[in-house]
Structures are given as structure tokens and as C-alpha cells.
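So the chains spell out like this:
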Amino acid sequence: MKDKDSLLQNAGINTRLTHIGNDPFDYHGFINPPVVHASTVLFPNARAMETRTQKYTYGTRGTPTTDALCEAIDALEGSAGTILVPSGLAAVTIPFLGFVAAGDHALVVDSVYGPTRHFCDTMLKRLGVEVEYYDPEIGAGIEALFRPNTKLVHTEAPGSNTFEMQDIPAISAVAHRHGAVVMMDNTWATPLYFRPLDHGVDISIHASTKYPSGHSDILLGTVSANAEHWERLKEANGVLGICGAPDDAYQILRGLRTMGLRLERHYESALDIAEWLEGREDVARVLHPALPSFPSHHLWKRDFKGASGIFSFVLAADGPEKSRAKAHAFLDALRIFGLGYSWGGYESLALHAYLNDRTVAKAPTDGPVIRLQIGIEDVADLKADIERGFAAASAI
């Protein structure tokens, strides 16, 4: 397997995705690892039990199944270690709890995932952590916001629903000069299109619920750390007793095998539809980082290798009084797009993005924001469905 490992380091991404994570000959040649269910693990003697010298000691500390997925994620991320947690939100909250304490100051991007903001404004506030939201386009200017007690910077690129890009290398460099840890929610790009640790980030977060799963039926999160921060992350996870289930880890590992191929389709179809929407009078703006017209497109082009299948557009409206009605009419007319949260699965989804919680990066004022998750359906059929939505909205 060591010879194979060295070959995989220089192989193409789909070759790597097909083979990383486990050695079939560890399991009698079976291609996929077994699903090991465990709470109790037996020790051969009292001395081994006291010193915990064997690899597996208890179900919360990992099994061969969860380890296989962690090893695959480490290979993709270039990380020193990865933990599995039950959801994407848990993948955000656990490192927060592990790296900040009462009296600390944390900087969080204002285009952050909504439940992350809710966690910061409730749980962290109750624990005595002060959270300050910053403009996603601040770049190196974030230095002006640092205080002696700033311990953590949370980034997300592109931002939720409005897709602002961040200058991750510049922000990371500033944070490290001040001794702060940098976290990034990289769910949109996956490590296939952006590797946060290569750009100065310390903790890389993914909702594996999305593209690694690919089938809208698994909840799981991964958190990967560089060598400097791995031990503290692992300790926090162990103390909290949070762990991913082996059945879910198995499903995510299986999803990884085809993630590269699926992402290519999501990327291609979403960009096609985004370009088509730009030319329509029904649309005020398209919010997609891979479009040259997007304000922070240069950062996407500089740092990212691709784009995924989720973006937004601003539906043209004749004033704020009609915005909600037009958005609802558009959504209710859709037949192929489902109305649902989450994304990253094979099916297309749509929703009306509510952005009233923003404090710095304010919501667009020229119409309602409609977020589209472009699945793997045929683009012509998706465009026809969107046309149905536009026809209904125009009647309002």
C-alpha cells in the first residue's frame, strides 16, 4: 500500500478519490471497509486497559470505519488530523468551543451561515465570548478590528446566500501576526476546488451532508486541523463526546468516490444557468463568484480551482412591497426544483434567502434573493422550470 500511497500523491483527483481512505487488503480484499459498530472495546489485559496502548479503546474514540473516512479527508485537505461530527453545524460549533473562552473576542464574517450566527449570538454570548461581525470584503483591513483578546477569526468563502469572496491568505496572515486561530467553512468548494490549509487557514470545516454525501440522506460534518492545532481540536472533541456514526461515515466515504465527477456536472450546469440568467430582464443581478461581473471574481479566479452548484440571483422587483410576493410566486411555480434547505445533492433546490440578520454586509435592495442549488438534471429542463417561475413572478 505504501507504493500506492506515493503514486496517489501525484495522481489526478478522480483517481485519488477512488482509492484514498482504506486499503482493501486490510479487510481480506473487500473494496469497501466494513461498518464497525462499537461502544465497548475489549482489552487483552489490565495493563493494556490502564495504559490504553491499543489503537481502539471506546466507540467514541473511533473505529476502523470512521478512521477510513478521516484518513481520506486528511489526504484531500493536507491536514494533520480530522474529526467526524454529526452535522455541518456541529463542525462549526465544536472548534469554536475548543479555541475560545470567556473574555475572548472572535471575529466572524458577516456573510456567515445563519445557524453559525445564531450559535455565536446565543451560546457564545452566554459563555462570555464577544463576537464581532466583519465585512467579507475587508481583506487585510481586518487588522483594524483586532484587539489584545482576539483569539479566533472565522471565515466562509464564498459567503452564505450572497457569495462574497474573502481574501483568505491576507486575513490569515493578519490573524497569525496577532496569535489568532483561523477557521474556514469551506463547504461550498470542498477540498477539490480549494484547500484552506494551503492558504493559511488552521481549521477547515465541511458539512459533509452536502457534496461528499451527494444524495441528501446523510448528516455529517468534518473538521480538519493543521499540525499546530490538531491536538487541541482532538481534545475538545473528546471532552465533548461528539462523534460521527460509523454507518454515516461509510456512506460519506462511498459518496467521496464519485464526488469529483458530480462536482464537474454541478459546476458546469450552474455556470451555464448563471450566465443565462445574466442576460434576462427578470434578473437584477446574479451572485456567482465564477462570473467575471461578480465584484470579487478576481479572488475566486486567483485562489479556487472551480465552483460548485449553488449560487443566487436577485429577482427584479418594482419596489420592496412586491419583493416577497414575487419571490413566493416564482418559487411556487417551480416543478423540477424542490423547495428545501440544504444542498449538494443530485436534485435541484430553490429558496428565498432572508438576510435580515446582516449587520455589515447588507442584503441587496433591488429585489428578493433567490438561491438555487443546481443538481445533475439536464440544463434545458432546469431553464424551462425557471421560465415557469419568471412567468408567475411577472404576473404579480
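Quick notes on the rules
Residues numbered from 1 in each chain as written. Predicted model: local features only at pLDDT ≥ 70, side-chain atom pairs only at ≥ 80, totals over all residues. Heavy atoms only, no water. Core = buried A, V, L, I, M, F, W, Y, C linked by side-chain atoms within 4.5 Å. Buried < 20%, exposed > 50% of the residue type's maximum accessible area, 1.4 Å probe, protein only. Helix = DSSP H or I, 4+ residues; strand = E, 2+ residues; numbered from the N terminus. Contact = heavy atoms within 4.5 Å. UniProt positions renumbered as here; feature names shortened; annotations may be inferred. Salt bridge = Lys/Arg side-chain N within 4 Å of Asp/Glu carboxyl O.

*Asks:* Help me understand the nonpolar core, please; the structure alone is not making it clear to me.
*Replies:* One recurring pattern in soluble globular proteins is that nonpolar side chains are buried together. Residues L277, F313, F330 and L372 are the most contacted members of the largest nonpolar core, which totals 108 residues. Top element by residues in this core is helix 10 (residues 246–278). It accounts for 12 residues. Here L372 is in contact with L277, G309, I310, F311, F313, F337, L349, A350 and I386, once residues within four sequence places are set aside.

*Asks:* Explanation requested: the UniProt feature "modified residue: N6-(pyridoxal phosphate)lysine" (unreviewed entry) in the chain in the structure shown.
*Replies:* According to UniProt, the "modified residue: N6-(pyridoxal phosphate)lysine" (unreviewed entry) feature falls on K210. Secondary-structure assignment places K210 in the loop between strand 6 (203–207) and strand 7 (221–225). We classify K210 as buried; its relative accessible area is 11%. Excluding residues within four positions of it along the chain, K210 makes contact with T187, S342, W343 and G344.

*Asks:* Looking at this model, I keep getting lost on the pattern of salt bridges. Mind explaining?
*Replies:* Any two side chains of opposite charge can pair, given that their charged atoms come close. What the rule picks out here adds up to 18 salt bridges. One salt bridge connects K55 with D67, and the closest N-O pair in it is separated by 4.0 Å. Taken together, the residues span a long stretch of sequence, with K55 in the loop between helix 3 (46–51) and helix 4 (64–77) and D67 in helix 4 at a distance of 12 residues. Here K55 falls in the exposed class, since its relative accessible area comes to 62%. D110 serves as the salt-bridge partner of R117, at 3.1 Å between the closest nitrogen and oxygen. Residue R117 is classed as buried on the basis of its relative accessible area, which comes to 3%. What makes D110 buried here is its relative accessible area of 0%. Here the salt bridges do not stand alone but share partners, grouping D110, R117 and D357 into one network.

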